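Residue-level structural notes
Below are the chains, spelled out letter by letter.
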Amino acid sequence: MTGMADEDFAPILDGPGQSDYERYLRTDELLALQKSESEMAHRDELLFQTVHQSSELWLKHACAEIETAARLVDDVSLEAATRLVARGVLGIELITAQLSMLARLSPWEYQEIRKVLGHGSGFDSPGFVEIKRVTPLLGQAFSKAVRSVDASLEEVYRNAPEHPQLYDLAESMVDWDEALRVWRYRHLTVVERIIGNVVGTQGTPVDQLRKLIGNRYYPDLWQVRTRLTDLAGT
Ligand code: HEM
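These remarks concern the structure in this document. (Residues numbered from 1 in each chain as written. Predicted model: local features only at pLDDT ≥ 70, side-chain atom pairs only at ≥ 80, totals over all residues.)

Some remarks on the overall build of the protein
- Regarding its fold elements, the protein presents 10 helices and zero strands.
- Its helices and strands taken in sequence order, the protein reads α-α-α-α-α-α-α-α-α-α from the N to the C terminus.
- Taking 234 residues into account, the globule formula puts the C-alpha radius of gyration at 17 Å, and the protein, at 23 Å, lies well above it.
- Counting only C-alpha atoms and orienting by the principal axes, one finds that the protein spans roughly 65 × 65 × 30 Å. (Helix = DSSP H or I, 4+ residues; strand = E, 2+ residues; numbered from the N terminus. Rg over C-alpha atoms; globule rule 2.2 N^0.38 Å.)

Written out as structure tokens, the structure reads:
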């Protein structure tokens, strides 16, 4: 044994909680953010709140990475930006995986939860509102970076060895766009699985979700591939 006394490991951080782990992570507050058993309309509210709350956390993190990445691109630190975009992509993949947990909700029992959501709608998700704000910032910074090397996007793709950093950044942005699209598709299938095709008429929320899947944040980065295929004449 090293001869260390218990007091050597006594908490040294301020705040509520028995240990520095609890104090640093503020677990008291964090774990009080879900309804208690007596407040729940259905026990699966814990699952529902856990998935949504943790999704908001990962979205907050992913958007912070994308916003900083945009700033780094402005400063011509393209490799550092690409690393942050890759982290953001992983965050979206994590929240996509979590949707499988919601697919385990019983469609009939979910109706109990639906009744207590008020007018709550995913359109008001702070994380997704933030995605709509930061994703174009990265797109604008990237376009500026391409212009600054006097190349077109097509040239960056045709001469990737000459523009390796721009090429890698562009591909990481395609990963980001694709990850968001995959999330939307998975979300739609989970929604259909749990609440169905709500009335099914044009303009109902579920129809709207289906249309959103076609959205692309960086259309140029997708179109360039079509041009390359045309150019190759294959
Ligand atoms: C039981 C699971 C879920 C159901 C039944 C559900 C249902 C819906 C429905 C019906 C809409 C259309 C708008 C509305 O009427 O509210 C919607 C939109 C949305 N939901 Fe969900 N949702 C679920 C889980 C989630 C989760 C875990 C998130 C993650 C934060 C989320 C985020 C969103 C977002 C961002 C939208 C806006 C559409 C978009 O930007 O693609 N939802 N959801």
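After that view of the structure, there is still more to cover.
Structural notes on the packing of helix α4 (residues 78-102) against helix α8 (residues 164-195)
- Packing of α4 against α8 brings their axes to within 9 Å, and their N-to-C directions diverge by 10°. In this view, α4 runs roughly parallel relative to α8, as classed from their interaxial angle.
- Of the residues in the contact of α4 with α8, the class split is 19 nonpolar, six polar and five charged. (Axes fitted to C-alpha atoms, helices over the stretch in contact; angles between N-to-C directions. Parallel < 35°, antiparallel > 145°, perpendicular 65-115°, else oblique. Nonpolar A, V, L, I, M, F, W, Y, C, P; charged D, E, K, R; others polar.)

Here's the deal with the nonpolar core
- The biggest cluster of nonpolar side chains holds 32 residues, and the ones touching the most others in it are A69, V73 and M173.
- Secondary-structure elements contributing two or more residues to this core are α3 (45-74), α4, α6 (126-148), α7 (153-158), α8 and α10 (219-232).
- With eight residues, α3 is the largest single contributor of residues to this core.
- Among residues more than four places away in sequence, those in contact with V73 are L78, A81, L138, A141, F142, A145 and L169. (Core = buried A, V, L, I, M, F, W, Y, C linked by C-beta atoms within 7 Å. Buried ≥ 20, exposed ≤ 12 C-beta atoms within 10 Å, placed from the backbone. Contact = placed C-beta atoms within 7 Å.)

Observations regarding the site of the ligand
- Every one of the 20 residues lining the ligand counts as a neighbour, but S55, S121, G122, F128 and P205 are closest to it.
- Broken down by secondary-structure element, the contributors of at least two residues to the shell around the ligand are α3, α8 and α9 (205-212).
- It is α8 that provides the largest number of residues to the shell around the ligand, a total of six residues. (Near = placed C-beta within 6 Å.)

Looking at unusual backbone geometry
- Even without a glycine there, the phi angle at V76 is positive, about 60°.
- One non-glycine residue, D150, lies in the positive phi region at around 55°.
- On the basis of neighbour counts, which here come to 7 C-beta atoms within 10 Å, the residue D150 falls in the exposed class.

Quick look at α3
- The first and last C-alpha atoms of α3 sit 43 Å apart over 30 residues, in line with the 44 Å expected at 1.5 Å per residue.
- Of the positions making up α3, those classed as buried are F48, S55, L59, A62, C63, E65, I66, A69, A70, L72 and V73.
- Elements that come into contact with the buried residues of α3 comprise α4, α5 (107-114), α6 and α8. (Expected span 1.5 Å × (residues − 1).)

Quick notes on the environment of A41
- Looking at the element boundaries, A41 is found in the loop between α2 (27-30) and α3.
- Spatially, the C-alpha atom of A41 lies 9.6 Å from that of R114, the residues being 73 residues apart in sequence.

Regarding the environment of A81
- Structurally, A81 is set in helix α4.
- With 25 residues separating them along the chain, A81 and S106 place their C-alpha atoms 42 Å apart.
- Not counting chain neighbours up to four residues away, the residues in contact with A81 comprise A69, L72, V73 and L169.

A closer look at the environment of Y167
- Inspection of the secondary structure assignment puts Y167 in helix α8.
- Using a count of 17 C-beta atoms within 10 Å as the deciding quantity, one classes Y167 as partly exposed.
- Sequence separation of Y167 and L153 is 14 residues, and the distance between their C-alpha atoms is 9.1 Å.
- Those residues in contact with Y167, other than ones at most four positions away along the chain, are V156, Y157 and A160.

Let's talk about the packing of α3 against α4
- Two elements in contact, α3 and α4, have axes whose closest approach is 8 Å; the angle formed by their N-to-C orientations is 165°. Of the possible angle classes, the one that applies to α3 and α4 is roughly antiparallel. Two packed elements cross with a definite hand, and for α3 against α4 that hand is left-handed.
- Looking at the contact of α3 with α4, its residues break down into 19 nonpolar, seven polar and two charged. (Left-handed = near helix turned anticlockwise from the far one by under 90°.)

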